[in-house]
Amino acid sequence: MASPPPLPMTTAQASAASTGTAAAPSTALRSFISRLADTSHRAFARRRPWLEMLDRSAFARPESATDALSRLKKNVSYFKINYVAFLALVLALSLLSHPLSLVTLLSLSAAWSFLYLFRPSDPPLVLFGRTFSDRETLGGLILLTIIVVFLTSVGSLLISALMVGAALVCVHGALRVPEDLFLDEAEPTVAAAGFLNFLGGAASSAAAAAAPVVAARV
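Nothing here was measured: the structure is a model prediction, and the numbers come from that model. Position numbers for residues start from 1 in each chain and track the written sequence from start to end. Local features in this predicted model are restricted to residues of pLDDT 70 or higher, and side-chain atom pairs are both shown and tallied only at a pLDDT of 80 or more, whereas totals for entire chains, interfaces and linings draw on every residue. Note: side-chain values were computed over all heavy atoms of the structure, leaving out hydrogens and water.

Student: In this structure, what is going on with the confidence of the model for the protein? I would like to understand it.
Tutor: Note: predicted coordinates in regions of low pLDDT should not be interpreted at a detailed level. Confidence in the prediction of the protein, expressed as mean pLDDT, is 76, and 68% of residues score 70 or more. Contacts of residues 10–22 to residues separated by more than four positions or lying in other chains number four contacts, the stretch itself having pLDDT below 50. One confidence number per residue, pLDDT, is output by the predictor and ranges from 0 to 100. The contact definition used throughout considers only heavy atoms, calling two residues in contact when any of these lie within 4.5 Å. This stretch, residues 185–196, has a pLDDT under 50; its non-local contacts, to residues over four places away or in other chains, come to 10 contacts.

Student: Honestly, helix H5 (residues 99–117) in this entry has me stumped. Any pointers?
Tutor: Count 3.6 residues to each turn of an α-helix, and residues three or four apart come out pointing the same way. Relative to the 27 Å expected for 19 residues at 1.5 Å per residue, H5 spans 25 Å between its end C-alpha atoms, a close match to the ideal helical length. Only protein chains enter the accessibility calculation, which uses a 1.4 Å probe. A residue is then buried if its area is under 20% of the maximum for its type, exposed if over 50%, and partly exposed in between. Secondary structure elements follow DSSP: runs of H or I no shorter than four residues count as helices, runs of E no shorter than two count as strands, and numbering proceeds from the N terminus. Where H5 is concerned, the buried positions are Ser101, Leu108, Ala111, Ser113 and Tyr116. To estimate the expected span of a helix, subtract one from its residue number and multiply by 1.5 Å.

Student: Help me understand the environment of Asp67 in this model?
Tutor: Among the structural elements, Asp67 can be located in helix H3 (residues 65–78). Distance in space between the C-alpha atoms of Asp67 and Ala174 is 7.9 Å, their sequence separation being 107 residues.

Student: Which parts of the structure should I look at to understand the packing of aromatic side chains?
Tutor: For any two aromatic rings, the description comes down to two numbers: the centre-to-centre distance and the angle of the planes. Note on ring pairs: Phe, Tyr and Trp rings are taken, using the six-membered ring of Trp, and paired if centres are within 6.5 Å. Classes follow the plane angle, with under 30 degrees stacked, over 60 edge-to-face and the rest tilted. A full pass over the atoms with the stated rule returns three aromatic pairs. Considering the side-chain rings of Trp112 and Tyr116, the 6.3 Å spacing of their centres and the 85° angle between planes classify their relative orientation as edge-to-face. Highlighted residues: Trp112 and Tyr116, both in helix H5, separated by four residues, approximately one helical turn. Three or more aromatic residues joined by ring pairs make a cluster, and in this case those are Tyr78, Phe79 and Tyr83. A cation sits over an aromatic face here: Arg48 above Tyr78, 4.0 Å from the ring centre. Definition used: whenever NZ (Lys) or CZ (Arg) falls within 6 Å of the ring centre and also within 35 degrees of the ring normal, the charge is taken to sit over that ring.

Student: Before we go on, may I ask you to explain the pattern of salt bridges in this structure?
Tutor: Two side chains of opposite charge can pair, provided their charged atoms sit close to one another. Criterion for a salt bridge: a side-chain nitrogen of Lys or Arg within 4 Å of a carboxyl oxygen of Asp or Glu. Taken as a whole, this structure holds one salt bridge when the rule is applied. Here Arg71 makes a salt bridge to Asp67, at a shortest N to O gap of 3.5 Å. Here Arg71 and its partner Asp67 are both found in helix H3, four residues apart, which amounts to about one turn of the helix. For Arg71, a relative accessible area of 8% translates into the label buried.

Below is the structure:
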């Protein structure tokens, strides 16, 4: 006995499927932002008191380069979250002082988010009347990123801001006497693990949020 022919999809069903597909990128993007904000909040909650970091009575000139390096290692282990927040602040202030670079960087991030990371592979991307495959889209975004970072002022601004922030962190770490800090033998290992977990949390959030979309392209 022949099986009955499949029922055609109604207009309402097609509309619902199309709506669900369109909503998937925004849902993944909201999930990524929520996880990233939660990870950042939990990491920032482990910061050391800023007054302890800026205690003027704890600053002294190091006796030698070895002493300065030893202080820097201990202070980085202890104030790691504070240092990361400070670097982020320097980077933010640098971008705010150059609005064009900030808009360019935000536009590049939006292009990656809406054209590749959080966009379903079906239907294909259509721009200016031309259909682009996932490979072409990825290649175009990589090329655009290289142009923005290396051939405009954005890359030099980011590198300059990070170098200035890192230099200030090194100066603070070399001048801040760590004898009053509660450090033990396991502190460097634990601190390094915590710092890597902090950095890895955002990457894990991005991977978890983008996994359904990326998996569809494989």
